[in-house]
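Residue strings, one per chain:
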Amino acid sequence: MTTTLGLPDTIQACLFDLDGVVTRTAVVHAAAWKETFDAFLREREGEDFRPFDSSGDYDEYVDGRPRADGVRTFLASRGIHLPEGGPGDPPDAATVHGLGNRKNELLLEKIRTQGVQAYDGTLRYLEAVRAAGLRTAIVSSSANTRDVLRSIGAEDFFEVRVDGVVAAERGLPGKPHPDTFLAAARDLGVEPARAAVFEDALAGMDAGRSGHFGYVVGVDRTGQADALYAHGADVVVQDLADLAGAGGHA
């Protein structure tokens, strides 16, 4: 049985990713990653370097992962291994954390100049979720989650926040590991089997599947519905406003 929210009637809590689900920032992240990696690869390999692909490389190696994990995973795909460095490395350091900090500087600059927009369909869905009495959490690898939510006036939609800052404080591995989602469910006092995960990233699908959550909703903003299903989605929608009445994968 499904409710008017398009969820099984056993679901008591909804765990939402931020970028690409609540806010239109996934494309900004992808642009910041591309600028960062292309500059690094050009300096390392010369003008014949193979550029970072803002769709394929981003979806496969970076999207949804903690910043340093994204650096490691993408560079490993190119056979490149850098020293780890530390979180305080300057953005021009040739280390995993240095590249990650460079990306974050570019991201924040783009957010300051371009602003942040929310998906209206998601905000309407959040209102319906709260009206139905379901618990809510935001689960994101971003260390900027609180500021972004405040900028769109959406912080009060969520009872619990497990983001990059909280994950670092608690020593939680990021997506595709399920630990951040499991922590959010635990903070809400809800069993994973009674929680739904809302994600646009393949790493987020993997986390939802491996965490044995009750329902995993894939949000397809970029035409990757088949990949979202392959990575564990129970249902895929283009916008959360479309979720009510949506069926599973045929």
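Below, the structure is looked at part by part.

**Examining the environment of E105**
Move 1: Inspection of the secondary structure assignment puts E105 in helix α4 (residues 96-114).
Move 2: A relative accessible area of 41% places E105 in the partly exposed class.
Move 3: For the pair E105 and T36, spaced 69 residues apart in sequence, the C-alpha separation works out to 9.8 Å.

**Comments concerning the packing of aromatic side chains**
For any pair of aromatic rings, geometry is given as the distance between the ring centres together with the angle between the planes.
Move 1: For the structure on display, the rule yields nine aromatic pairs.
Move 2: Note on F16 and F158: the rings are 6.0 Å apart at their centroids and 65 degrees apart in plane angle, and the pair reads as edge-to-face. On the criterion of sequence distance, the pair formed by F16 in strand β1 (residues 13-16) and F158 in the loop between α6 (145-151) and β3 (160-162) is long-range, its members being 142 residues apart.
Move 3: For F158, a relative accessible area of 10% puts it in the buried group.
Move 4: Between F52 and F74 the ring centres are 5.0 Å apart and the planes differ by 80 degrees, which places this aromatic pair in the edge-to-face class. Taken together, the residues span a long stretch of sequence, with F52 in the loop between α1 (26-45) and α2 (56-62) and F74 in helix α3 (residues 67-77) at a distance of 22 residues.
Move 5: Put simply, the rings of W33, F37, F52, Y61 and F74 pair up and form one aromatic cluster.

Here is what the cut-offs are and how they apply
- Residues numbered from 1 in each chain as written.
- Predicted model: local features only at pLDDT ≥ 70, side-chain atom pairs only at ≥ 80, totals over all residues.
- Heavy atoms only, no water.
- Helix = DSSP H or I, 4+ residues; strand = E, 2+ residues; numbered from the N terminus.
- Buried < 20%, exposed > 50% of the residue type's maximum accessible area, 1.4 Å probe, protein only.
- Phe/Tyr/Trp six-rings, centres within 6.5 Å; stacked < 30°, edge-to-face > 60°.

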